[in-house]
Amino acid sequence: MKPNPSISARALAHVQALDSYVPGKQPQDTGWIKLNTNENPYPPSPDVKKAIALISGDSMRKYPSPISAGLREKLAHHYGLPGPDWAFVGNGSDEILNLLMRVFCDSEKSGGYMVPSYSLYPVLLSIQNSEPVKVRYDESMVFPTDEVVNCGANIFFLTSPNAPTGVAIPTDTIRDLASRFPGIIVVDEAYGSFADEDAIGLIQEFPSLCVTRTFSKSHSLAGMRIGCLMGNPEMIELLDKVRDSYNVNLVSQVAGLAAISDTSYYEGLIEDIKRTRDQYIRECRARGWFTYPSQANYIFTKPVNGAGEIGVEVAKSLFDFLLTRKILVRYFGSDTLTDSFLRISVGSENEMLILSEAIDQWLKNA
Ligand SMILES: Cc1ncc(COP(=O)(O)O)c(C=O)c1O
C-alpha cells in the first residue's frame, strides 16, 4: 500500500520501520494436512466442549474475572507452586511474551534471544524500540551458556524445547545459567509438555526466572488463545500492571479450566504424539536425512533428494511438492542454520502415513 503522508508520517519512526511477524499459513478451505504451526492433531478433552456449552447467558452478559482467578488457582496447584499469586494467564503465550517486553525492554534496556529460535521475539523487541541481543547456536545446537551469561541483555528469552529444532536445553544447563546471568530469564516452554524435563522446578529457586506455557499445542486449544506464566509473585505483579483489564475472555477461561482438570486425557494424547514423533524421526533417519533429536511435537529434518543432494533448493523443492499435495509444512529460509531443513509438525498417524507416501513420490520425481 502507498503510504499516506497524513497517516504514516505521524506514526513513531520505529513503528514505520517495523517488519511485522509472519505467521504460518492458516488456510481456511478444507482438505489440507496441516503440519506447519504445531497444532495438536487430536481434539481437546470432551470436558472442554461440555463446560463451554454450560456457560449461561447471564455470565456472558458480565465481564469475566479480570485475573482469570480460577485458572491461576488451578495452575498453581497443577505445577506445585505456593499459591495463585505465582501464576499469570494471557491471551495466548504470545500476549505474555509481549507483556514481558513491555515491562523489561525499551531503547535502553535490551532483550536477548537465541538464533535460531521463535521469530516473534525480534518483532516484539522492535515494537518496544529495543535493541535485540542475539546469541547464535552452531550446528550442534548445544546451548552456549557462557555467551548468554555475558551477553548484557536485561532479559533473555530461552526457548526449550527450541523452535524450530525441537532440541531441549537440559535443566542443569538452565540452572547454571540462572545462577550466573544477572538479568531476567524467561524459559518459553510452549512445547514443554512434550519434553523429558522442564524448568518449572527452578522458579522457586531463582526469583528472576519465569516459565511460559501454552494451551495451544499440548491441550489442543490454539483457537482459544490461552497461555500462562509461572513465576515469582513480584513478576506477576509487574505483568498485572501492563495487561488489559480483561485480557482473557470468559469462554477461554472456562475452556482452560476444563482442559487442565482432565489430566489423564491429555497425558494419553501427549504419549501418542511422542510415539508418532519418535517413529517419524526414525523414519527420516532411515532415509539418511539428518534430523535433530526433538523433544517437541515437531521434527526438524534435512531432506536428501533422489540424486543424494541436500541444501536450500532441495528443501524448497520438497516444500513445494508437498504443497501440491495439500500438505503444509514449514520452511525457514532466513538463516543458514535452518535453510536446508523443513519443520514438520507431528500429525495423526494417518496424516504422517500420507506424508511419507508423498515423500516417496517426491523422491521418485526429484
Ligand atoms: C516457541 C513458541 N512460543 C510461543 C508460542 C505462542 O503460542 P500461543 O500464543 O499460541 O500460546 C509459539 C507458537 O507457535 C511458539 O512456537
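Computed from a predicted model, the values in this text were never measured in an experiment. (Residues numbered from 1 in each chain as written. Predicted model: local features only at pLDDT ≥ 70, side-chain atom pairs only at ≥ 80, totals over all residues.)

K.L.:
Where do I start with the overall build of the protein chain in this structure?
P.N.:
A count of helical and extended segments in the protein chain gives 13 helices and twelve strands. Against the 2.2 N^0.38 benchmark of 21 Å for 366 residues, the protein chain shows a C-alpha radius of gyration of 21 Å, consistent with a compact globule. Projected onto the principal axes, the alpha-carbon positions of the protein chain cover approximately 60 × 50 × 50 Å. Going through the 366 residues of the protein chain one by one, you find that 43% of them count as buried. Look at the contacts in the protein chain between residues 6 or more apart in sequence, and 70% of them connect residues 24 or more apart. (Helix = DSSP H or I, 4+ residues; strand = E, 2+ residues; numbered from the N terminus. Rg over C-alpha atoms; globule rule 2.2 N^0.38 Å. Buried ≥ 20, exposed ≤ 12 C-beta atoms within 10 Å, placed from the backbone. Contact = placed C-beta atoms within 7 Å.)

K.L.:
Please clarify how the packing of helix H4 (residues 69-78) against helix H10 (residues 250-261) should be interpreted in this entry.
P.N.:
Between two packed helices, what matters for the description is the angle formed by their axes and the separation of those axes. Axis separation between H4 and H10 bottoms out at 9 Å; the angle between their running directions is 20°. Taken together, the axes of H4 and H10 are roughly parallel relative to one another. As for how H4 packs across H10, the hand of that crossing is left-handed. Taking contact as the criterion, the partners of Gly70, Leu71, Lys74, Leu75 and His78 in H4 are, on H10, Gln253, Gly256, Leu257, Ile260 and Ser261. Along the lines of polarity and charge, the residues of the contact of H4 with H10 split into four nonpolar, five polar and one charged. (Axes fitted to C-alpha atoms, helices over the stretch in contact; angles between N-to-C directions. Parallel < 35°, antiparallel > 145°, perpendicular 65-115°, else oblique. Left-handed = near helix turned anticlockwise from the far one by under 90°. Nonpolar A, V, L, I, M, F, W, Y, C, P; charged D, E, K, R; others polar.)

K.L.:
Mind showing me how you'd approach the sheet that holds strand S12 (residues 342-345) here?
P.N.:
Strand pairs in the sheet, formed through backbone hydrogen bonds, run parallel or antiparallel to each other. With respect to topology, three strands assemble into an open sheet ordered S9-S10-S12, the strand pairing being antiparallel. Looking along the sheet, the strands with just one partner apiece sit at the ends: strand S9 (290-291) and S12. Sheet topology note: the strand S10 (residues 298-302)/S12 ladder contains four bridges and is antiparallel. Bridge assignment links Thr301 to a residue of S12, and that residue is Leu342. Of the strands in this sheet, S9 and S10 are in contact with helix H11 (residues 263-286), which crosses S10 at around 5°. (Pairing = 2+ DSSP bridges.)

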